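Listed here are the chains, written in short residue letters.
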Amino acid sequence: MADGPLIVQSDRTVLLEVAHPDAENARHELAIFAELERAPEHIHTYRITRLGLWNARAAGHDADDMLGTLDRWSRFPVPPSVSLDIRETVGRYGRLVIERDTVGGDDDVLVLRSTDAAVLTEMARNKRIQPLLVGHPDPGTYVVDAWARGQIKQELLKIGWPAEDRAGYTPGTPHEIELAEDGWTLRPYQRKAVDIFTEGGSGVVVLPCGAGKTLVGAAAMADTKTTTLILVTNTVSARQWRDELLKRTSLTPEEIGEYSGQTKEIKPVTIATYQILTAKRKGEYAHLALLDALDWGLIVYDEVHLLPAPVFKLTADLQARRRLGLTATLVREDGREGDVFSLIGPKRFDAPWKEIEAQGFISPAACYEVRVDLPESQRLEYAAAADDERYRLAATADAKIDVVRRLVQRHISERILVIGQYLDQIDVLAEALDAPQITGSTPVDERERLFQAFRVGEISLLVVSKVANFSVDLPEASVAIQVSGSFGSRQEEAQRLGRLLRPKESGHTASFYTLIARDTVDQDFAQNRQRFLAEQGYAYTILDADSLAA
C-alpha cells in the first residue's frame, strides 16, 4: 500500500497517477468496477457507482476482488465507509435471481427467487412489481408473468435490487457463419470483447469510433452461429454493415437482407433500422412482425446509446434472445443507462480511447475551440432575442462563414467535413464553399455516392448535417469543422470526433474545430459538449478567430 498509484476518496472517487510504474496494472483492475470520469494527461479520475459495481458483479467479480484491488494499489488506507458501501452494494446483486423452473406441473415457468425472505417480501409488496407476479408457490419463490422478464428487471434496478438473470436464451435457428480472416485478424481487444460477451450471453461492448465495433459484431455472430437481427441507426449504416459482413465473413449476398424504408427483406441475417422498427401506422407499430419473423438467436444493437425509447419497450419482450449492444459511449442524454443495463445487458467490455490511440489502432486528434466575435448589429439582435431564440442566433451567426473558409484553406490538402445543425445554415455553407451537401432529405443513393467519392478522394470537402454523426465510415476524413451542434449533447461531440479517429493512410493527425460565438449561450453549451472528450483525455486548445490567417 505504500506509494501505490491510487488514492481512494470518501466520495467514492478514485484518483490514478498515470506516470506511476504500477499505473497500468492498477488501471486494468480498477476499470472492472469503476467508471472513468476524466482522463487528462497526468491524473485520471474514476468513480465507483452502483451501476458500475453491479456491472462488475454480473461479470463474475465479487466484493473481495474489488476491495483487494483498492487495498493493493492504494497509497493511503481505503476509507472504511467506502469499503462498507462496496460490500453492501455488491451484495445486493444476485440476492434476487430470475430463473426458469417447473411450478405446479407447468414446465419452463419464469420465477423470481431469493434466499433472503425479507428482501423477497419487500419486492413483492412494491406497487410497481406486484402486478408482474402471478403466483407464490413457496416462501422463497414468486412466479413472474411470462411477458414481464424485462420489465421486472427494470423495476428491480430502479429500487436498488438488480436481479441476476439466469433464465437462459433461445439458441435460435442455427446458421453457419465464419470469419474470413484473409490477410487480417481480430485485434486482441476485439477478441477479448467477443469472448467476454459470448460467455455472458448478453451485454454491451464500449469501443471508440474507428476501433472496429462492426468486427466485434461479426465475430460474435461467428461464435454464436445463429440467425441474427442487426438494428442500426440509418440505411447508410445498414449498407455499410452489409458490405463489411460480405468482406469479413463467409456470408453471401443471398444470406443478408435489408429491412428499411426502401427494402423489406428477411434473410438469415437481417439488418433493420431503428426508424422502421419504431414506425407507427394508426397508432400501432407497423413492423413488429420483424421481431418474430425468424427465430433470431442473436440481436445486435448498433450505437446502443441512441436506442430510441420505444425500442427499450420492444426489447423488454426479447429477453429470451441473446443481445449485443455496441457503442462508443454509454452516455445517454435521457439518462436511461439503467435501461441499457436491464434490457440489453451489463457492460461486458470497455477500452479507453487514448489507450487504443496509443496502440496505433485509432488516429491521434487535436481539438480546437475557435471563438468568433459577433458584429455589433448581431450582438444587439442576440441581446434583444427571447431565450429560446438565442442559441440558434449564436450558432448560425454569419461571422462563422468566413472563419470556415479560412480553416478550409489551412487544410486545403486534407479531406474536410463541415458539420452544421440547421438546414438553412448548411445551404449557406455549401454555397459559400462551393461544396456538395448531405442532409436528411438527400436520397440514400446520392448520400452513398457522395460518401464514396469522398472516401476515394474525388471530392475533398463535404458539408453535412447530423446524418453524418452516426455509423458513417469515412476513414480518410482528417478535419472536422463543427459550425453548430445539438445544444449541449456530449454524445454528439463524441460521434463527431469519432468520424476522424480511424487511422489515416495519409498519416495526418486529425483536427477537430468547434466554432463558438463568444459571450453567448453557444459558448455555454460547448462546455457541456466538450466534457465527454475531456474525460477521455482530449484537451481543447482555445483559438481566437482573428488569429487565423486570412
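Preceding this paragraph is the structure being described.
Just so it is clear, the model here is predicted, and its values are computed rather than measured.

1. What about the sheet that holds strand β4 (residues 43–47)?
The antiparallel open sheet is built from four strands, whose spatial order is β1-β2-β4-β3. Of all the strands in the sheet, the pair left with one neighbour each is β1 (6–8) and β3 (35–38). On average, each strand axis in the sheet is tilted by 30 degrees relative to the strand beside it, whichever way the strands run. Pairing analysis gives five bridges linking strand β2 (residues 13–17) to β4, with the strands arranged antiparallel. Bridge pairing links V14 to Y46 in β4.

2. Things to note about the sheet that holds strand β13 (residues 269–273)
Across the sheet, which stays open at both edges, the seven strands sit in the order β12-β13-β11-β16-β17-β10-β18 with parallel pairing between neighbours. A strand with exactly one partner marks an edge of an open sheet, and here the two such strands are β12 (256–259) and β18 (347–350). Strand after strand, the sheet turns through a mean of 20 degrees between neighbouring axes, direction not considered. Of the strands in this sheet, β11 (228–232), β12, β13, β16 (298–301) and β17 (322–327) touch helix α9 (residues 235–248), which is tilted by about 160 degrees from β13. Strands β10 (203–206), β16 and β17 of the sheet are contacted by helix α12 (residues 337–344), whose axis makes an angle of about 145 degrees with β17.

3. What to know about helix α3 (residues 63–73)
Residues of α3 that are buried include every one of A63, M66, L67, T69, L70 and W73, and no others. Burial along α3 is one-sided: seen end-on, the buried residues are contained in an arc of 150 degrees. If you follow the buried residues of α3, they end up packed against β1, β2, α1 (23–30), α2 (50–58) and α4 (80–92). Regarding α3, its N-cap is D62, as a side-chain oxygen of that residue lies 3.2 Å from the backbone nitrogen of D64 further along.

4. Thoughts on the nonpolar core
Judged by nonpolar contacts, the single largest core of 35 residues is most densely connected at L207, I230 and L245. Among the elements of the structure, α7 (188–200), α8 (213–224), β11, α9, β13, β16 and β17 are those that each provide at least two residues to this core. With seven residues, α8 is the largest single contributor of residues to this core. L207 has contacts with Y189, K213, V216, T327, A328, F349, A351 and I356, leaving out every residue within four places of it along the chain.

5. Brief notes about unusual backbone geometry
Peptide bonds are mostly trans, and most non-glycine residues show a negative phi. Phi angles above zero are rare outside glycine, and D434 is one such case at about 55 degrees. Tracing the backbone through its elements, the reader meets D434 in the loop between α17 (423–433) and β21 (437–438). Phi at D519 takes a positive value of approximately 60 degrees, unusual for a residue other than glycine. Structurally, D519 is set in the loop between β24 (510–517) and α20 (521–535). What makes D519 exposed here is its relative accessible area of 65%.

The rules behind these values
Residues numbered from 1 in each chain as written. Predicted model: local features only at pLDDT ≥ 70, side-chain atom pairs only at ≥ 80, totals over all residues. Heavy atoms only, no water. Pairing = 2+ DSSP bridges. Helix = DSSP H or I, 4+ residues; strand = E, 2+ residues; numbered from the N terminus. Axes fitted to C-alpha atoms, helices over the stretch in contact; angles between N-to-C directions. Contact = heavy atoms within 4.5 Å. Buried < 20%, exposed > 50% of the residue type's maximum accessible area, 1.4 Å probe, protein only. Arc of directions from axis to C-beta. Polar contact = N/O pair within 3.5 Å; in protein donor to acceptor, adjacent residues only side chain to side chain. Core = buried A, V, L, I, M, F, W, Y, C linked by side-chain atoms within 4.5 Å.

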